[in-house]
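# Report on the structure
Residues per chain are reported as follows:
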Amino acid sequence: MVGAQWGDEGKGKITDLLSRSADVVVRYQGGVNAGHTVVVNDTTFKLHLIPSGILYPETKCLIASGTVIDPKVLVQELDNLQALGIPADNLRISQTAHVTMPYHRLIDLAEEERKGENKIGTTGRGIGPTYADKSDRTGFRVLDLMCPDRFRAKLDWVLPLKNVLLEKLYGLEALDAEAIQAEYMLYAERLGQYVVDTALFIDQAVRSRKNILFEGAQGTLLDLDHGTYPYVTSSNPISGGACVGSGVGPTIIDRVIGVTKAYTTRVGEGPFPTELKDEVGQHLGDVGAEFGTTTGRARRCGWFDAVIGRYAVRINGLDCLAITKLDVLDELDEIKVCVAYKIDGQKVTEIPLDVHLFGRCEPIYETLPGWKTFTSDCRTVEELPKAAYNYLKFLAAQTGIPVAIVSLGAARGQTIIVEDPIHGPKRGLLYDGDLAVHPLGAE
Ligand code: GDP
Ligand code: IMO
Ligand code: MG
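What counts and how
- Residues numbered from 1 in each chain as written.
- Chains lettered and ligands numbered in written order.
- Predicted model: local features only at pLDDT ≥ 70, side-chain atom pairs only at ≥ 80, totals over all residues.
- Heavy atoms only, no water.
- Helix = DSSP H or I, 4+ residues; strand = E, 2+ residues; numbered from the N terminus.
- Buried < 20%, exposed > 50% of the residue type's maximum accessible area, 1.4 Å probe, protein only.
- Polar contact = N/O pair within 3.5 Å; in protein donor to acceptor, adjacent residues only side chain to side chain.
- Near = heavy atom within 4 Å.
- Areas by Shrake-Rupley, 256 points an atom, 1.4 Å probe, with all protein chains shown as cover.
- Nonpolar A, V, L, I, M, F, W, Y, C, P; charged D, E, K, R; others polar.
- Phe/Tyr/Trp six-rings, centres within 6.5 Å; stacked < 30°, edge-to-face > 60°.
- Pairing = 2+ DSSP bridges.
- Contact = heavy atoms within 4.5 Å.
- Axes fitted to C-alpha atoms, helices over the stretch in contact; angles between N-to-C directions.
- Core = buried A, V, L, I, M, F, W, Y, C linked by side-chain atoms within 4.5 Å.
- Left-handed = near helix turned anticlockwise from the far one by under 90°.

### Describing the environment of His48
Counting through the fold element by element, His48 comes out in the loop between strand 4 (43–47) and strand 5 (60–63). For His48, a relative accessible area of 16% gives the class buried. Taking the C-alpha atoms as reference points, His48 and Gly31, separated by 17 residues in sequence, lie 7.1 Å from one another. Within the local environment of His48, its side chain forms a polar contact with the backbone oxygen of Ala34, the two atoms lying 2.7 Å apart.

### Considering the site of ligand 2
Around ligand 2, the structure places 20 residues, and the nearest of them are Asp8, Lys11, His36, Thr123 and Thr233. Take Lys11: an N or O atom from its side chain is 2.6 Å from an oxygen atom of ligand 2. A distance of 3.3 Å separates an oxygen atom of ligand 2 from a polar atom in the backbone of Gly121. Burial of ligand 2 by the surrounding chains reaches 98%, relative to a free accessible area of 560 Å². Split into classes, the residues belonging to the shell around ligand 2 amount to seven nonpolar, ten polar and three charged.

### Structural notes on the packing of aromatic side chains
Taken as a whole and assessed by the stated rule, the structure comprises seven aromatic pairs. With 6.5 Å between their ring centres and 35° between their planes, Trp6 and Phe358 make a pair best called tilted. Residue Trp6 is located in the loop between strand 1 (2–3) and helix 1 (11–19), and its partner Phe358 is located in helix 12 (residues 355–359); the two are separated by 352 residues in the primary sequence. When its relative accessible area of 1% is taken as the criterion, Phe358 is described as buried. Seen in terms of ring centroids, Phe140 and Phe151 are 5.0 Å apart; in terms of plane orientation they differ by 50°. Their pairing is tilted. With Phe140 in the loop between helix 4 (127–136) and helix 5 (142–145) and Phe151 in helix 6 (residues 148–169), this residue pair connects regions lying eleven residues apart in the sequence.

### Brief notes about the sheet that holds strand 2 (residues 24–27)
Remark on secondary structure: sheet strands pair via backbone hydrogen bonds, oriented parallel or antiparallel. What the five strands build is an open sheet, ordered 9-7-5-2-10; its pairing is parallel. Each end of this open sheet is capped by a strand with a single partner; those strands are strand 9 (195–196) and strand 10 (212–215). Two elements, strand 2 and strand 10, share four bridges in a ladder whose sense is parallel. By the bridge assignment, Val24 is partnered in strand 10 with Ile212. Against the sheet, helix 1 engages strand 2 and strand 10, with an angle of about 175° to strand 10.

### Considering the pairing of strand 16 (residues 334–343)
Counted residue by residue, strand 16 has seven buried out of ten residues, so it is predominantly covered. Across two bridges, strand 14 (residues 304–305) lies against strand 16 in parallel orientation. Paired with Asp305 across the bridge in strand 16 is Cys338. Across eight bridges, strand 16 lies against strand 18 (residues 362–369) in antiparallel orientation. Bridge pairing links Ala340 to Ile364 in strand 18. Relative to strand 17 (residues 346–348), strand 16 runs antiparallel, the two being bridged by three bridges. Bridging from a neighbouring strand, Ile343 pairs with Gln346 of strand 17.

### A closer look at the nonpolar core
Counting residues in each nonpolar core, the largest one holds 53 residues, and the members touching the most others are Leu318, Leu326, Leu329, Val337, Leu384 and Tyr391. Listing elements by their share of this core, those giving two or more residues are strand 2, helix 8 (198–207), helix 9 (239–246), helix 11 (306–316), strand 15 (320–324), strand 16, helix 13 (386–399) and strand 19 (403–407). Counting 45 residues, the second largest nonpolar core, distinct from the first, contains Phe45, Ile107, Tyr187 and Tyr194.

### Description of the site of ligand 1
As a matter of local geometry, ligand 1 sits amid 19 residues, with Lys11, Gly12, Thr37, Asp327 and Ser407 nearest to it. A distance of 3.0 Å separates an oxygen atom of ligand 1 from a polar atom in the backbone of Gly409. When ligand 1 is considered free in solution it has 580 Å² of accessible area, and contact with the protein chains removes 91% of it. Within the residue set of the shell around ligand 1, elements represented by two or more residues are helix 1 and strand 3 (36–40). Top contributing element to the shell around ligand 1 by residue count: helix 1, with three residues. Considered class by class, the residues forming the shell around ligand 1 number three nonpolar, nine polar and seven charged.

### What about the side chain of Ser407?
In this structure, Ser407 sits in strand 19. A distance of 3.0 Å separates a polar atom in the side chain of Ser407 from a polar atom in the side chain of Lys13. What Ser407 contacts, discounting residues up to four positions off in sequence, is Lys13, Ile323, Thr324, Lys325, Leu326, Asp327, Gln414 and Thr415.

### Some details on the packing of helix 6 against helix 7 (residues 177–191)
Think of two packed helices as two axes; the pair is described by the angle between the axes and how far apart they sit. Between helix 6 and helix 7, whose axes approach to 10 Å, the crossing angle comes to 145°. Note on packing geometry: the crossing formed by helix 6 with helix 7 is right-handed. Note on element contacts: helix 7 touches helix 6 through Ala177, Glu178, Ile180, Gln181, Tyr184 and Met185, opposite Pro148, Phe151, Arg152, Leu155, Asp156 and Leu159. Of the residues assigned to the contact of helix 6 with helix 7, the class counts are eight nonpolar, one polar and three charged.

Structural data, given as structure tokens:
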């Protein structure tokens, strides 16, 4: 299951839903930049690193190799869950995931400031610097964290380098190796019980014919390779990232589900062709409560972008969509969908890979009527107002794949399962073979 836009599509809610039939849920990339909200009855859970499957007592939850782990935040997350009566016995952490260090957080924040106008608008959680050190082979893995001598020896050659940056480039105070060692060994003590070879764990689950859900964080357009670089995160949220980040071959994945909002949001900097800076954008933000789960920042809001939708289908090999937050459109007179772009008067039907060109794309819209009806109580597509049903059908036709799930509110029950996305046939009700656009993007 992957995000099909710029993150915050409602993946937490959909993972929670799909976890009911999953034996194992795996987070395969990203770190505590993610914020996944799950609402169960009167309790709102905000998860950053622990897979949303943790709310089911039988489900095993894995934080796999491709993630970066801030142990300070993970320990807090475990404490918060335990305070709410959720045990974490089913959690497993990869030995080879990388560890976010105190200097990663400081460098992330300081570098954003130094970039000034060119800043990315990161979550400030040290994600980029942690992945940079992983590539540079100066990173700390969970294995190092679990071995005090090895951790200290590595710190003694890595920290002097980081302290030069902190002091000389950013004008910050140098960090003390002794203090980091003491703090991190406490985390090691707390987390040690969960550490395993997660790739082997998954292999054993595959061999026992278990259902495994790979839960993406962030979204397709935040992908380091295939997103709107440099306004991206430092990992691969796309479906291919699930193989690399978990240590499984692509042949074990049966289905790929894309989660998308019925409109679009983005936090942080970077181009966003359908962004609405008017009262409609404000309305979407207010009704959709569009504030970041991790940073509290207001999310930028705009219309659904079918060019992005088709791109997400192509890059992830999506089988079907879970469309969230349809209810947020309930009060609108009319709803627009971007079906193509214009650059200098020329029609373009694919996202330009050059972010400067992408920034110059003007949306070409089709306008659909609104339904002006409260939808959160609908439980089948037939109960939906005709215009809402037609809107979903339009999105299916534009993206070329069926809609399997429709979400109409944050609560578990506020959902229409059009088709079981895991076990059902690969054609959802809203796909009638009459596609405006071929799944591979050709008109
Ligand atoms: P994620 O990062 O993809 O898991 O998404 P977030 O949790 O960051 O943001 C989605 C927000 O929308 C959360 O506050 C959810 O509780 C909420 N949400 C999810 N689905 C729906 C829905 O269908 N309708 C409404 N109104 N809110 C929803
Ligand atoms: P979930 O999993 C939305 C964005 C940041 C910034 C860019 C880089 O909740 O969907 P980073 O801290 O990763 O270096 O920031 O990526 N970003 C997200 N936006 N949802 C997320 O996660 C995000 N994680 C990172 O806002 O633009
Ligand atoms: Mg989020």
